[in-house]
Amino acid sequence: MSEAFTPHRYITSALSMVAPDVDTDRMDADLHDDLGLDSMDLLNLAAAISLSTGIEIAERDFPSLRTMRQLEDYLSRRHDSESGRSESDRSESTGSKDT
Amino acid sequence: MPDVREAPAATELVPFAMPSLGADMDAGTIVEWRITPGADVHRGDVVAVVQTDKSDLDIEVFVDGTVHELIVQPGVKVPVGTVLAMIEPRVVTKLGRAESAPSLPSPPLAALSPVALPPAALPPAAQTPSPPVGPPQPTPALAIPELHSPVLRHLAEQLQVDTSHLHGSGPGGRVTRDDIEHAAPRLSRREIRRVTPRARRLARVRGVDLRTVASVGTITGDVVLRATGSVDAGPAPAVVLKSQPDTGDAMRRAIARQMVKAWQEIPHFHVATRIDVGDAMNDLQRRNEGRVVAARILPAAVLVQAAARAAGDVSGVNGWWRDGAFEPATGVHVGIVVALRTGGLLAPVIHDANLKDLSSVMDDLRDLVTRARSGRLRASEVQGATFTITLLGEGEVETVTPIIHPPQVAILGLGAVINQPWVVGGSIEARPVVHATLAADHRAVDGRIGSQYLTALQHYLGGGTI
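These numbers were taken from a predicted model, which means no experiment stands behind them.

**Here we look at unusual backbone geometry**
All names here are of chain B. A cis amide bond links Pro406 with the next residue in sequence, Pro407, at an omega value of 5 degrees. Considering the arrangement of structural elements, one finds Pro407 in the loop between strand S20 (387-391) and strand S21 (410-414). In this structure, Asp323 takes a positive phi of about 50 degrees despite not being glycine. As for its position among the elements, Asp323 is in the loop between strand S13 (319-322) and strand S14 (325-328). A positive phi angle, close to 50 degrees, is found at Asp352, a residue other than glycine. Inspection of the secondary structure assignment puts Asp352 in the loop between strand S18 (349-350) and helix H10 (358-374).

Have a look at this one:
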């Protein structure tokens, strides 16, 4: 079940909905500074991700999620922990675009 | 010139005309009809998508009834006021029950539709519509209860809207200016027009009967001069578009036109101050804590609400400069400048923003900003602004000195909320500070009013009132 979870897909699809003109290949670009999303766009991005994945992004976590890769790691971590795995078991694999 | 009002009509059809979707719009193109002849429509239904220079907009209808005929085809660019479709209204009886339209109009319908226009009398869609304008009918005595504002009463009389049948959208069911304007049949809105003093003077001098002047919207002096052949400029002819114009370029041109006009015509002055928003931001943070990100309220909502409340208190900045005089608005309808990532701006409107709680302001803001950027706005959402706010949002830019959107008389520019050294009780602290700049039209507003406005804004942002 967790192996079927592909956060990358959810993020790119949410991003292309919120900001259709933004390049979704730039995994390490800062969503705000580099891709030009403002706070309203980021809020909508978080909402779209919550809707599609069922994972709510907490207010206190949000400031540290500045790139697509950070978002992806966060979602993987949350998904794993909600699937009953402990945080320490989490694989550090990042950029798993095509899992 | 035929008097179209005398043509016999089995049923009173209500014309649905190309609305004016901004002070700078003089024509629009139907991109798509969402209705077909015979379809039922209800007040507020989106019936068409219209392309303006700035964007595509969903256009609502403001009558309940049945679509009788679609007159203008998609792709045809027509001036504001052109009849696009005819609608057979459902008549509301005095008991409030809807009935199908009878062969003879009942009094309320007659009041709503002073012009019975048989479709045959309409100009062909592809030709410049300059329909004959009959002499205005004597205004029937209308029962207008519960309408306390003299400005609105006057407007209702002018547009021959019987407000006793209106469902007010304002607080407590109060009838607003928008309600009256929406209830007015589109053609009569065009027919019973505003006439500027200069136009009246020129008409008198040149012996022009203003009732025969075909014009969309306000009759200005230039319109009268055109009518007498003194100015060689007719209304723009309708153009059949072969392809969709580049909306980006068209938007740029529309912004250019509007800003040049504003900068050339409006004697701007500016007043500015820095406001410590530490308490307001702390309140907001407490409010957001524990919430999920999707439910958070952004600082922009706090700023917009405070700016709207201040405009409600200092009414001298809230309204329009029209016909050489300031016309105060009865509600505070705040235009929010939304920057599009692809370039350009839109200014959707939060209606009655001063009366809304913070969550509602945030909901409206989010909805409008999101749809301005990646969806589509409704016509009613870009109309009727009484005051505008531009927010720089995040980032490090401290000050913006904006240009007024005519016919409004003021615009507030808010810089980014930035931590600054601030004197608190005799010592210096780092506090989040916003730089507020009010641009005002010196024809309508004096520095004293501008200062009062910023003081009120300071009060709403500094007092921890959220």
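**Some points on helix H3 (residues 68-82) of chain A**
Residue and element names in this part refer to chain A. With 15 residues, H3 should reach 21 Å at 1.5 Å per residue; the first-to-last C-alpha distance of 21 Å fits that figure. For H3, the complete set of buried residues consists of Met68, Leu71, Glu72, Asp73, Tyr74, Leu75, Arg78, His79 and Asp80. Looking at the buried side of H3, the elements it contacts are helix H1 (7-18) and helix H2 (39-53).

**Topic: the packing of helix H9 (residues 299-313) of chain B against helix H11 (residues 447-462) of chain B**
All names here are of chain B. Axis separation between H9 and H11 bottoms out at 8 Å; the angle between their running directions is 135 degrees. As far as their axial angle goes, H11 and H9 are oblique. Relative to H11, the crossing made by H9 is right-handed. On H11, the residues touching Val302, Leu303, Ala306, Ala307, Arg309, Ala310, Ala311 and Asp313 of H9 are Tyr453, Ala456, Leu457, Tyr460 and Leu461. For the contact of H9 with H11, the per-class residue count stands at eleven nonpolar, no polar and two charged.

**Remarks on the nonpolar core**
Counting 88 residues, the largest nonpolar core has Leu412(B), Leu438(B), Tyr453(B) and Leu457(B) as its most contacted members. By residue number, the principal contributor to this core is H9(B), which donates nine residues.

**What about the sheet that holds strand S8 (residues 83-89) of chain B?**
Residues and elements named next belong to chain B. Across the sheet, four strands lie side by side as S1-S8-S6-S3; this open sheet has antiparallel pairing. Every interior strand has two partners, whereas the edge strands, strand S1 (14-17) and strand S3 (40-41), have only one. Examined bridge by bridge, strand S6 (residues 65-70) and S8 share five bridges and lie antiparallel to one another. Bridging across to S8, Glu69 finds its partner in Met86.

**Section: the packing of aromatic side chains**
For the structure on display, the rule yields three aromatic pairs over all chains. Centre to centre, the rings of Phe16(B) and Trp33(B) are 6.4 Å apart; their planes meet at 55 degrees, and the pair counts as tilted. One end of the pair, Phe16(B), is in strand S1; the other, Trp33(B), is in strand S2 (residues 27-33), with 17 residues separating them in the sequence. Given a relative accessible area of 4%, Phe16(B) falls into the buried group. Above the plane of the ring of Tyr10(A) lies Arg9(A), whose end atom (NZ or CZ) is 5.2 Å from the centre. Positioned above the aromatic ring of Trp320(B), the side-chain terminus of Arg322(B) is 4.6 Å from the ring centre.

**Focus on the pairing of strand S4 (residues 46-51) of chain B**
All names here are of chain B. Among the six residues that make up S4, six are buried, leaving the element largely enclosed by the rest of the structure. The pairing of S2 with S4 spans four bridges and is classified as antiparallel. Among the inter-strand pairings, Ile30 is bridged to a residue of S4, identified as Val50. Bridge count for S4 against strand S5 (residues 56-60) is five bridges, and the pairing is antiparallel. Each bridged residue has a counterpart across the sheet, and for Val50 the counterpart in S5 is Leu57. What sits between S4 and S5 in their antiparallel hairpin is a turn of four residues.

**Focus on the pattern of salt bridges**
Taken as a whole, this structure holds 19 salt bridges over all chains when the rule is applied. Across the pair Arg373(B) and Asp38(A) runs a salt bridge, and its minimum N-O distance is 2.8 Å. You can see Arg373(B) sitting in helix H10 and its partner Asp38(A) sitting in the loop between H1 and H2, one on each of two chains. Between Glu265(B) and Lys261(B) there is a salt bridge, and its shortest N-O distance comes to 3.3 Å. Separated by four residues within a single helix, Glu265(B) and Lys261(B) lie in helix H7 (residues 247-265), roughly one turn from each other. Using a relative accessible area of 45% as the deciding quantity, one classes Glu265(B) as partly exposed. Salt bridges sharing common partners tie together Asp30(A), Asp33(A) and Arg66(A).

**Some thoughts on the environment of Ser81(A)**
For Ser81(A), the location among the structural elements is in helix H3. Among the polar contacts made by the side chain of Ser81(A), one reaches the main-chain carbonyl oxygen of Arg78(A) at a distance of 3.1 Å.

**Here's the deal with the packing of H9(B) against H10(B)**
All names here are of chain B. For the pair H9 and H10, the least separation of the axes is 9 Å and the interaxial angle reads 110 degrees. The angle between H9 and H10 falls in the class roughly perpendicular. Here H9 and H10 pass one another in a crossing that is right-handed. Here Ala300, Ala301, Val302, Val304 and Gln305 of H9 come into contact with H10, specifically with Leu358, Val361, Met362 and Leu365. Considered class by class, the residues forming the contact of H9 with H10 number eight nonpolar, one polar and no charged.

Criteria and thresholds
Residues numbered from 1 in each chain as written. Chains lettered and ligands numbered in written order. Predicted model: local features only at pLDDT ≥ 70, side-chain atom pairs only at ≥ 80, totals over all residues. Heavy atoms only, no water. Helix = DSSP H or I, 4+ residues; strand = E, 2+ residues; numbered from the N terminus. Expected span 1.5 Å × (residues − 1). Buried < 20%, exposed > 50% of the residue type's maximum accessible area, 1.4 Å probe, protein only. Contact = heavy atoms within 4.5 Å. Axes fitted to C-alpha atoms, helices over the stretch in contact; angles between N-to-C directions. Parallel < 35°, antiparallel > 145°, perpendicular 65-115°, else oblique. Left-handed = near helix turned anticlockwise from the far one by under 90°. Nonpolar A, V, L, I, M, F, W, Y, C, P; charged D, E, K, R; others polar. Core = buried A, V, L, I, M, F, W, Y, C linked by side-chain atoms within 4.5 Å. Pairing = 2+ DSSP bridges. Phe/Tyr/Trp six-rings, centres within 6.5 Å; stacked < 30°, edge-to-face > 60°. Lys NZ or Arg CZ within 6 Å of the ring centre and 35° of its normal. Salt bridge = Lys/Arg side-chain N within 4 Å of Asp/Glu carboxyl O. Polar contact = N/O pair within 3.5 Å; in protein donor to acceptor, adjacent residues only side chain to side chain.

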